[in-house]
Structure formats: C-alpha cells, structure tokens
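Notes for the structure review
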Amino acid sequence: MIKKIVVGTDHAGFLLKQQLVQWLHQHDVEVIDVGTCSEDSVDYPEYTKKVVEAMRKGAVGTGLLICGSGIGMSIGANRFKGIRAALCWNKKSAYCARRHNDANILVLGARLLSFSKALTCLSTFITTSFQGEERHLRRIKELDNL
C-alpha cells in the first residue's frame, strides 16, 4: 500500500480533495497538500505542475490530481517525462492503471464522480501494485521513449 502521496487540485476539486485527504489520514497515508486551499477560481496547470515537481524532487512517488473533469490535469501531467497520470472513473480503471501501466498519478473528475466512486478509485489505486511483467515493462519503456 502506498503510504505517502502528493495532492493537488483546482477550485472544482477542492471539496473532494478535503474529503479524500481526511480518509487518507485515517488510513495512515502521509499527505503533501500543494493546494489549492479554497473554492476560489485558479488555473489547474499550476497545481498539476506542483504535484509533478514534488514527485520529480523525490519527495514522494505517487500523486493525486483533482479538477472538474480530470481531463485538463491528466493532459497536463502526462506532458512530463516519467509521469503516467491515469484519469480513472471506477475500480477497474484504477486497478488497471496501477497493475498494468504502473500509473504514478491518479486523476479524478470532481464534477463527474460521487465521493463514493472517487474513494473507490483512490483506495484501489493506493492498494494495487504494479504487476511488473515483461510485456508491461516493455510498453512503459516505449512510452518513455516517445
């Protein structure tokens, strides 16, 4: 199980972030919260970059990004080499993202998911390990070389 995660959201994801961070604390997961800290309008690329920077500095290996749809933050995060951000919407997508793709950032759409669905995605993501089979490793290397 992942025991440390960096979390970033825009204004649309703020309330969901608060709920998920509380759940993470209750399950002894250390959280690095890079904002935002309110529902005041902000630009999601800023918080995407903050999460990725924390990961690239080695402070943490796993991230959580939340915006309205999850699409913008997913696009932004995946522009960085070594980042495999997965926009997930159910247990199966979160499981496959970790198990087959070794995703290191979970992205959620706060306006598209209930708290229950978001929590299912998060709990699945942090408790699923990368399978590490040769075919999956080969494909990840291919992605890194694009």
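What you are looking at is a predicted structure, and each value in this text was computed from that prediction instead of being measured.

Moving on: the overall build of the protein. A tally of regular secondary structure across the protein gives 6 helices and 5 strands. Beginning at the N terminus, the succession of helices and strands in the protein can be written as β-α-β-α-β-α-β-α-β-α-α. For 146 residues, the compact-globule formula gives about 15 Å, and the C-alpha radius of gyration of the protein, at 14 Å, lands near that figure. Across its three principal axes, the protein shows a C-alpha extent of roughly 45 × 30 × 25 Å. Put simply, the protein shows about 7,500 Å² of open surface, and 50% of that area lies on carbon and sulfur atoms.

Across the sheet, which stays open at both edges, the 5 strands sit in the order β2-β1-β3-β5-β4 with parallel pairing between neighbours. What marks the edges here is a single partner per strand, and that holds for β2 (30-33) and β4 (85-87). Direction aside, neighbouring strands of the sheet carry axes that sit 25 degrees apart on average.

All right, on to unusual backbone geometry then. Note that the residue after G35, namely T36, is joined by a cis bond; omega there is 5 degrees. Within the element layout of this structure, T36 appears in the loop between β2 and α2 (44-56). The backbone of D102 shows a phi angle near 50 degrees, a positive value even though the residue is not glycine. Residue position: D102 is located in the loop between α4 (91-99) and β5 (105-109).

This part takes up the packing of helix α1 (residues 14-26) against helix α5 (residues 115-127). Each pair of packed helices can be summarised by the angle the axes make with each other and by the distance between the axes. Two elements in contact, α1 and α5, have axes separated by 11 Å at closest approach and are oriented at 45 degrees. Comparing the axis directions of α1 and α5 gives the class oblique. Seen from above, α1 lies across α5 with right-handed handedness. Between α1, through L16, Q19, L20, W23 and L24, and α5, the contact on the second element is made entirely by F115, A118, L119, L122, S123 and I126. Classifying every residue of the contact of α1 with α5 by side-chain character gives 9 nonpolar, 2 polar and no charged.

Take α1 next. When the terminal C-alpha atoms of α1 are compared, their 19 Å separation across 13 residues agrees well with the 18 Å that a helix rising 1.5 Å per residue should span. Of the residues making up α1, those classed as buried are F14, L16, K17, L20, V21, W23 and L24. Along its buried surface, α1 packs onto β1 (4-9), β2, β3 (63-67), β5 and α5. Looking one or two places after α1, you find D28, whose phi comes out positive at around 60 degrees.

Within the element layout of this structure, H136 appears in helix α6 (residues 134-144). With a relative accessible area of 5%, H136 lands in the buried category. Sequence separation between H136 and G35 is 101 residues; the distance between their C-alpha atoms is 33 Å. Beyond its immediate chain neighbours, meaning those up to four positions away, H136 contacts H100, F130 and Q131.

Considering soluble globular proteins, one finds that nonpolar side chains tend to be buried as a cluster. Formed by 27 residues in total, the largest nonpolar core has its most connected members in I5, L20, L24, L64, L108, L122 and I126. Elements represented by at least two residues in this core include exactly β1, α1, β3, α4, β5 and α5. Setting aside anything within four residues of it in sequence, one finds L122 in contact with I5, L20, W23, L24, L64 and L106.

In contact at an axis separation of 8 Å, α4 and α5 are set at 25 degrees when each is read in the N-to-C sense. Classified by the interaxial angle, the pair formed by α4 and α5 is roughly parallel. Regarding α4 and α5, the two cross each other, and that crossing is right-handed. The residues of α5 that touch α4, namely those facing K91, A94, Y95, A97 and R98, are T120, C121, T124 and F125. Here the residues of the contact of α4 with α5 sort into 5 nonpolar, 2 polar and 2 charged.

Calculation criteria
Residues numbered from 1 in each chain as written. Predicted model: local features only at pLDDT ≥ 70, side-chain atom pairs only at ≥ 80, totals over all residues. Heavy atoms only, no water. Helix = DSSP H or I, 4+ residues; strand = E, 2+ residues; numbered from the N terminus. Rg over C-alpha atoms; globule rule 2.2 N^0.38 Å. Areas by Shrake-Rupley, 256 points an atom, 1.4 Å probe, with all protein chains shown as cover. Pairing = 2+ DSSP bridges. Axes fitted to C-alpha atoms, helices over the stretch in contact; angles between N-to-C directions. Parallel < 35°, antiparallel > 145°, perpendicular 65-115°, else oblique. Left-handed = near helix turned anticlockwise from the far one by under 90°. Contact = heavy atoms within 4.5 Å. Nonpolar A, V, L, I, M, F, W, Y, C, P; charged D, E, K, R; others polar. Expected span 1.5 Å × (residues − 1). Buried < 20%, exposed > 50% of the residue type's maximum accessible area, 1.4 Å probe, protein only. Core = buried A, V, L, I, M, F, W, Y, C linked by side-chain atoms within 4.5 Å.

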